[in-house]
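Listed here are the chains, written in short residue letters.
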Amino acid sequence: MTSPPHRRPRVVVVGGGFAGFHALRHLQRHLPREAAELVLVTPNDYLLYSPLLPEVATGVVEARHIAVSLRRTLPRVRLVLGRVSDVDLTTRMVTVRRADLEHRLDWDHLVLVPGSVTRQFDIPGVPDHARGLKTLVEAVYLRDHLLEQLDLADAQPDTEAGRAAREEMLTVVAVGAGYTGTEFVAQAQRWLTRIEGRWDRTRARDVRWVLVDVAPAVLPELGPRLGEHALRVLHDRGVDVRLRTSVSEAEDTRVTLTDGTTIRTRTLVWGAGVVASPLVMALGLPTRKGRLVTDPDLSVPGVHGLWAAGDAAAVPDLAARGTADGRLPDTPPTAQHAQRQGVALGRNIAAALGHGTARPYRHTDLGLVADLGGFDAVARPLGVPLTGPVAKVVTRGYHLYALPAMSNRVRVALDWVFQSVLPPDETQLSVVREEDARLATAQATAIYGSTA
């Protein structure tokens, strides 16, 4: 299908995350204006730098400072606010919904980069009582919720009922010992030690932290040495880490684990990995482990003009070693790969429009980082394992480098400076309703059905 002679070819990008943002930034820089119309469909007018969400949840970084304005950074792009609820590959149309409004867009090239949502399982009570940490809404809610629970606990009477309620309020269960769960628990525990003077009868050591994961190690992506170091840091801070364990049921005031333990708590943080956006499964195209199968050039086989990348795409990792049967693994769902796949998308789509040369995606992992709060961090830049203050410098340096706008870099850097020289922020804003922080609502998965 070719575009009508009266208009330029239209490139529609679905998703304003790392892959979509960097694809469009490459296209607006390298593609002549007359070569194509660039359209971005996204629910928000910003790119969320999600690796710093734990720092938003602990008040270290202001929420708006990790939200990069799409209108300012992508001036050539037409921004359509909404979510794609349907893709028609036959008529080459996408349906965009926002609140009660709905309209359709036709496309010549469609780039599917809707990202991922928090992985859930068929566990009773989790959709209603667990809270994720993948959006600004969830991060701000968790921060206010923690403060509220400690405020309430501090005011409980010294009676049997008061002590029982206090136990629930002072217990936090986090599921997932990967980046989200580990960084949140480590940074939140450290944050509370700095603001414990806020309360009369409650101290940071009174808060019980339980970190649960079915995996056999903490931060397995960083390797055994750094994972063991992170585990020691958590143990030294009094965190109860339970590996090879998960949640079997969640209720208002208790969580039951698969090891048979029942923990009284009013705070369940869910960070048990991610899965591709449910939009992918609605396409009827081949998937691998829930991600849309692509060729090495990021095109989707069998559909001309369809492309995919990021967390929602199964992209062959050409820089990795093949498995025993000769198959290449897929690139992991990390911001690092999504960003670089976005650049590759921009280059290859431009080539498809007659500008430049297409190349397969290949990227050697530059390493991973995890901030544990205070002067603690673990990092593996270019395969070199680092811990402590040196890792902290590398971690923060990487985040500043990866933030795609100078104004955001300056604001985040100043947040870190202010947190070092000024009293930590301990105000409770209460700007997010509890129902808006539910997983299905905050991540808008309800329009696609179940994400279990």
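All values derive from a computational prediction rather than experimental measurement.

### Considerations on the overall build of the chain
Phase 1 of the analysis: Along the backbone of the chain there are 12 helices and 26 strands.
Phase 2 of the analysis: In summary, the chain has a C-alpha radius of gyration of 23 Å against a globular reference of 22 Å for 452 residues, a match within 12%.
Phase 3 of the analysis: C-alpha extents for the chain along the principal axes are approximately 80 × 50 × 50 Å.
Phase 4 of the analysis: For the chain, the proportion of its 452 residues judged to be buried stands at 54%.
Phase 5 of the analysis: Residue pairs in contact within the chain that sit at least 24 positions apart in sequence constitute 68% of those at least 6 positions apart.
Phase 6 of the analysis: Split by element, the accessible area of the chain, about 19800 Å² in all, is 52% carbon and sulfur.

### So, the packing of aromatic side chains
Phase 1 of the analysis: Scanning all chains against the criterion turns up 1 aromatic pair.
Phase 2 of the analysis: Centroid distance phenylalanine 18 to tyrosine 49: 5.8 Å. Interplanar angle 75°. Geometry classified as edge-to-face. Of the two residues, phenylalanine 18 is situated in helix 1 (residues 18–30) and tyrosine 49 in the loop between strand 3 (46–48) and helix 2 (53–57); the sequence distance between them amounts to 31 residues.
Phase 3 of the analysis: The exposure class of tyrosine 49 is buried, given its relative accessible area of 1%.

### Quick look at the pattern of salt bridges
Phase 1 of the analysis: Per the counting criterion, the structure on display carries 20 salt bridges.
Phase 2 of the analysis: The salt bridge partner of aspartate 158 is arginine 163, with a shortest N-O separation of 2.8 Å.
Phase 3 of the analysis: The partly exposed category is assigned to arginine 163, whose relative accessible area is 45%.
Phase 4 of the analysis: Arginine 264 is the partner of glutamate 168 in a salt bridge, and the nearest nitrogen-oxygen pair spans 2.1 Å.

### Here we look at the nonpolar core
Phase 1 of the analysis: Counting residues in hydrophobic clusters, the biggest one holds 116 residues, and the most contacted among them are Ile66 and Phe184.
Phase 2 of the analysis: Not counting the four nearest positions on each side in its chain, phenylalanine 184 is found in contact with Pro54, Ala57, Leu133, Leu142, Leu146, Val172, Tyr179, Trp209 and Val269.
Phase 3 of the analysis: Counting 16 residues, the second largest nonpolar core, distinct from the first, contains Ile123, Ala130, Val247 and Ile263.

### Observations concerning a nonpolar patch on the surface
Phase 1 of the analysis: Taken together, the side chains of Met406, Val410, Leu414, Val417, Phe418, Val421 and Leu422 define a hydrophobic patch exposed on the protein surface, amounting to about 640 Å² of accessible area.
Phase 2 of the analysis: Structurally, methionine 406 can be placed in helix 11 (residues 406–421).
Phase 3 of the analysis: Take methionine 406: its relative accessible area is 54%, and that puts it in the exposed class.

### Points about the pairing of strand 2 (residues 37–42)
Phase 1 of the analysis: Where burial is concerned, most of strand 2 is hidden: 6 out of the 6 residues are buried.
Phase 2 of the analysis: The handedness of the strand 1 (residues 10–14) to strand 2 crossover, carried by helix 1, is right-handed.
Phase 3 of the analysis: Relative to strand 5 (residues 78–81), strand 2 is paired through 4 bridges, and the arrangement is parallel. Bridge pairing in strand 5 places valine 41 opposite valine 80.

### Some points on unusual backbone geometry
Phase 1 of the analysis: You will see that lysine 289, though not glycine, has its phi angle at about 55°, which is positive.
Phase 2 of the analysis: Among the structural elements, lysine 289 can be located in the loop between strand 20 (287–288) and strand 21 (291–293).
Phase 3 of the analysis: Relative accessible area serves as the criterion here: at 84%, lysine 289 is assigned to the exposed category.

### What about the sheet that holds strand 15 (residues 247–250)?
Phase 1 of the analysis: Strands sit in the order 15-16-17 across an open sheet of 3 strands; the sheet is antiparallel. Of all the strands in the sheet, the pair left with one neighbour each is strand 15 and strand 17 (262–264). In this sheet, adjacent strand axes meet at a mean angle of 20° when their direction is disregarded.
Phase 2 of the analysis: Relative to strand 17, strand 16 (residues 254–257) runs antiparallel, the two being bridged by 3 bridges. Opposite valine 255, over in strand 17, you have isoleucine 263 as the bridge partner.

### A look at the environment of alanine 230
Phase 1 of the analysis: Assignment of secondary structure puts alanine 230 in helix 8 (residues 224–236).
Phase 2 of the analysis: Alanine 230 gets classed as buried once you look at its relative accessible area, which sits at 0%.
Phase 3 of the analysis: Sequence-wise, alanine 230 and proline 75 are 155 residues apart; in three dimensions their C-alpha atoms are separated by 42 Å.
Phase 4 of the analysis: Setting aside anything within four residues of it in sequence, one finds alanine 230 in contact with Val218, Leu219 and Leu372.

### Quick look at the pairing of strand 9 (residues 109–112)
Phase 1 of the analysis: Residues His109 and Val111 line one face of strand 9 and the alternating positions Leu110 and Leu112 line the opposite face, and both faces are buried.
Phase 2 of the analysis: The pairing of strand 1 with strand 9 spans 4 bridges and is parallel. Its bridge partner being in strand 9, valine 11 is matched across the sheet by histidine 109.
Phase 3 of the analysis: Note that strand 9 and strand 22 (residues 306–308) share 3 bridges and pair parallel. The residue bridging leucine 112 from the neighbouring strand is alanine 308, located in strand 22.

### Examining the sheet that holds strand 26 (residues 386–387)
Phase 1 of the analysis: Read from one edge to the other, the open sheet built from 3 strands follows the order 24-25-26, with strand pairing classed as antiparallel. Looking at strand neighbours, the two that pair on one side only are strand 24 (369–371) and strand 26, the edges of this open sheet.
Phase 2 of the analysis: Inspection of the sheet shows strand 24 paired to strand 25 (residues 377–379) by 3 bridges, in the antiparallel sense. For alanine 370, the partnering residue across the bridge sits in strand 25 and is valine 378.
Phase 3 of the analysis: Here helix 10 (residues 388–402) sits on the sheet in contact with strand 24, strand 25 and strand 26, set at roughly 70° to strand 25.

Rules used in this analysis
- Residues numbered from 1 in each chain as written.
- Predicted model: local features only at pLDDT ≥ 70, side-chain atom pairs only at ≥ 80, totals over all residues.
- Heavy atoms only, no water.
- Helix = DSSP H or I, 4+ residues; strand = E, 2+ residues; numbered from the N terminus.
- Rg over C-alpha atoms; globule rule 2.2 N^0.38 Å.
- Buried < 20%, exposed > 50% of the residue type's maximum accessible area, 1.4 Å probe, protein only.
- Contact = heavy atoms within 4.5 Å.
- Areas by Shrake-Rupley, 256 points an atom, 1.4 Å probe, with all protein chains shown as cover.
- Phe/Tyr/Trp six-rings, centres within 6.5 Å; stacked < 30°, edge-to-face > 60°.
- Salt bridge = Lys/Arg side-chain N within 4 Å of Asp/Glu carboxyl O.
- Core = buried A, V, L, I, M, F, W, Y, C linked by side-chain atoms within 4.5 Å.
- Patch = residues over 30% accessible without salt bridge, like charges linked within 9 Å, V, L, I, M, F, W, Y side chains within 5 Å.
- Right-handed = clockwise from strand over helix to strand, strands pointing away.
- Pairing = 2+ DSSP bridges.
- Axes fitted to C-alpha atoms, helices over the stretch in contact; angles between N-to-C directions.

Interpretation in functional terms is not warranted from these geometric data alone.
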